Structure formats: structure tokens, C-alpha cells
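In case you want the letters, here they are:
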Amino acid sequence: MIPIWKLKRELGRLGEETAARLANLYEPILRKRHDAWRDRQPTPQDLGIGPRPKIAIFLIYQPKGVAPSILATLSWLAANGYAPLVVSNTPLSGTDRARLAPLAWRVFERPNFGYDFGGYRDGVLLLQRWGITPERLLILNDSVWMPTRPDSSLIARLEAVPADVVGGIEHPASTKRYGGTHRGHLESYLLLVNARACASDAFGAFWRDYPSSSKRLNAIRRGERQFASRMRDAGLTAQGLFSRQAFLDGLAQQETSFLQKTLTYASYVEPELAAEGVQLLESDANDQTWRDRVIQHIARTTIRRRFNAGFCYPSDALFGMDFIKKSPGPTGGGSGASLHSRMRRKHLEAVRAGDLAPLGAEVMAEIMAREDRSGSA
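No experiment lies behind these values; they were computed from the predicted model shown.

About the criteria used
- Residues numbered from 1 in each chain as written.
- Predicted model: local features only at pLDDT ≥ 70, side-chain atom pairs only at ≥ 80, totals over all residues.
- Heavy atoms only, no water.
- Helix = DSSP H or I, 4+ residues; strand = E, 2+ residues; numbered from the N terminus.
- Rg over C-alpha atoms; globule rule 2.2 N^0.38 Å.
- Buried < 20%, exposed > 50% of the residue type's maximum accessible area, 1.4 Å probe, protein only.
- Contact = heavy atoms within 4.5 Å.
- Areas by Shrake-Rupley, 256 points an atom, 1.4 Å probe, with all protein chains shown as cover.
- Lys, Arg positive; Asp, Glu negative; His and termini not counted.
- Charge placed at Lys NZ, Arg CZ, Asp CG, Glu CD.
- Core = buried A, V, L, I, M, F, W, Y, C linked by side-chain atoms within 4.5 Å.
- Arc of directions from axis to C-beta.
- Patch = residues over 30% accessible without salt bridge, like charges linked within 9 Å, V, L, I, M, F, W, Y side chains within 5 Å.
- Salt bridge = Lys/Arg side-chain N within 4 Å of Asp/Glu carboxyl O.
- Polar contact = N/O pair within 3.5 Å; in protein donor to acceptor, adjacent residues only side chain to side chain.

A. Spotlight on the overall build of the chain. Looking only at helices and strands, the chain has 17 helices and 12 strands in total. Taking 377 residues into account, the globule formula puts the C-alpha radius of gyration at 21 Å, and the chain, at 21 Å, falls close to it. Principal-axis analysis of the C-alpha atoms places the extent of the chain at approximately 65 × 45 × 45 Å. When the 377 residues of the chain are sorted by exposure, 50% land in the buried category. Considering only intrachain contacts with a sequence separation of at least 6, the fraction spanning at least 24 residues in the chain is 76%. As displayed, the chain has an accessible area near 17500 Å², and 54% of this comes from carbon and sulfur atoms. Side chains of the chain carry 51 positive and 39 negative charges; the gap between the two charge centres is 6 Å.

This is how it looks when you write it as C-alpha cells:
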């Protein structure tokens, strides 16, 4: 018999798929109206950060007011030489505009149409309208806390990659659930585009023709899943800083004590994987097969779930992945905390134990507050 949670999940997927397809009937009209609205907007005034050769399109959605971590991100961008163009998917209060002004180049408020790629599109098209082709264009959003520490070298590491488009996490091509394949893609909350790519016909055409949608499936399929592939098809190079395979290869080189901490701070939503992790942690690490069993366990777990969500300790300590997801993440069908909530709790636990470096004050406070509200701290 099919468990109730699985039946609910599949019905939810069917409903989401139906809504995404129905949106194809009316969203083209909404896109035309939105484009006409955007083109009527005056050029925003220059604010505290002057124009620079490097520009960051920072998409924010802060309906409850701009969080302190947003200001920390803007300071980090400016410190790394970027002029932030803040694109807000919700109206800003006068107070928030005043808080953003010293740390931004320009601020553009728009209706919440099209998720992150809809806002990115407006940012890119505005730059084109203003006659600006950046030497580097950093595209990011506030779905993650980034950076987790003010001294993060993440931008410098992105800039050091010899590719036209660089992202945070790269996913290889994979098989779809019901046949066919997903082409490899870069996760959409962090993208760096160089001057060659910014000036290319392929980059301009992607954003000009991108069919913004406020249906999640459409946004993922047309945006995140397509962007890197379209750039590669045009002869540009695209690469991620991090990948599951590099994660596994790096872990295989670590000492036993590091693998033990990896398991100590692991997060699971599947009971069988959680039990396996506990069993490995409690077993004799001097056994000749222990290391291989640990790596195999992590490999199996990361087929099911994102490696940085399941294993926060090596993601931070070994790879310097200076971002933490804000979303709940999957629950695995259980009634307990979601995977991302469990991950954030484990990250805090590792920081408090001194096994991971302290987080930035704004990030630490916001994570603690979120977990306190969820009743899972």
C-alpha cells in the first residue's frame, strides 16, 4: 500500500505540473505587460556606491523588511570591488531604502513576477538599456545567507576560475524521473559572468527571450536548468566551484578524525540513512574497512540529497562553501524537521563546539532566530 505522505507528494507534483502548463496560456500576456512597465521606469538615482567596472545584480525578496544580513552582503560585494544593483521583488519602505542607499549603486523595485530569473532578467535588460557592459557581472539572490563570514574569499575564488560563466554548485547531466535527461546546470543563487560572455549574442538573447514565469517549475526549467547549457551551446565555457564528485574525492583524502566529524554533524531525513550514520560513528574507526564504508555511505546519501545540505562540516571546513540555504528543504515524508533546518542546527552545533569557525554576527543571529521560531533549535 502506498504511504499517505507519498500519495500527497505525488498529487502535489501533479497539481504543480498542471499549474505550470496552464500558465503557458496567460503568462505571455503578463510578460508583455511587465516588459512595457519596466521600459517606462526612469533610471534609478546613483546612491552611495559609485559605478564600477564590476557590477552585482543582487535580487532580494524581503517582504518583512530588509534583514541585517542583506546589508552585510552588500558590504561584502562593495569590498570586493562590485557596484551592487539591488533588484527588489517587493516594495521597500522608506526606512529600508535609506538603509540600502549607502551600500548600493542603484535600487530597482519591481513586482514579484518571475521568481529569481525574472528579477535577474530585469537587471540585465536595465544594464543593456543604460549602455553598460560590465567587465564582470555577479548575479546572486538572498535565498542563501552569503557570505557566512565577512572575510569570505568566495568571490576571489569565483574570479580565479578560467571560465566565462562560473557558479557555486554544478550538477552534472542526469536521467529524468520519467525518461530523458537533464543537462548539467549551475545553481542559480550565485553566477559570475565575465566580459566576453556579457558581450556575447548568446547572453543577450537568453535574457531578451527568457519567458519569465511565476510558476516554480517553469522558472527552474527555463532558467536554472537552461542558462549554463545555452551558454555552452554558444561556445562559452561554464563551470562550478563545487560538485558532488569533487566533494567525494576530497573527503576520500581526509584523516579518520575528519570523517568522524563529518558524521557527527551530518543531517538526514531518511531514518535508514540516519541509523546507518550513527552505526558507523559508533563502530571501530580502526577497522580497515571503516573508511571505505563511510565514503560509500556518504556517496549513497548524496545521491538522495544535496551534499552541502547533508554534510555541513566538510562543506564548510574543507571546501569553504560560504553560503547556507534559507529554505526548509525536503522532509523525506516524515513529520520531523526538514533537511535544511537540521543542517542549520548541526552547523550551529559545530560552531559552538569550536569545530567550525564562527559565523558572521548577522548570519548567526538570523539562523538562531529562524530555528527558534521553528521550535527546533
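B. Summary view of the nonpolar core. L77, L138 and F323 are the most contacted members of the largest nonpolar core, which totals 66 residues. Among all residues touching L138, those that are not within four sequence positions of it are I55, A56, I57, L77, Y82, I155, L158, L190, L191 and L192.

C. Fine view of helix α10 (residues 244-251). Every buried residue of α10 is accounted for by F247, L248, G250 and L251. Buried residues in α10, looked at end-on, bunch into an arc of 165°, giving them a common side. Buried residues along α10 sit in contact with α11 (256-264), α13 (290-304), α14 (307-310) and α15 (312-317).

D. Expanded view of a nonpolar patch on the surface. Taken together, L22, L25, Y26 and L30 make up a surface patch of nonpolar side chains, about 400 Å² in accessible area. Structurally, L30 can be placed in helix α1 (residues 4-40).

E. Main features of the environment of D96. Tracing the backbone through its elements, the reader meets D96 in helix α3 (residues 94-100). Owing to a relative accessible area of 8%, D96 belongs among the buried residues under this scheme. On a C-alpha basis, the gap between D96 and Q45 in space is 16 Å, while along the polypeptide they are 51 residues apart. Residue contacts for D96: discarding those within four places in its chain leaves G65 and V66. Polar contacts involving the side chain of D96 include one to the main-chain amide nitrogen of V66, which spans 3.0 Å.

F. Region of the structure containing the pattern of salt bridges. This structure, assessed with the given rule, holds 25 salt bridges. The partner of D35 in a salt bridge is R38, with the nearest N and O atoms 2.8 Å apart. In this pair, D35 and R38 are both assigned in helix α1, three residues apart and thus about one turn of the helix distant. Per residue, the accessibility class of D35 equals that of R38, and both read buried. Of the charged contacts, one joins D164 and R196 as a salt bridge, the two residues approaching to 2.5 Å between their closest N and O atoms.

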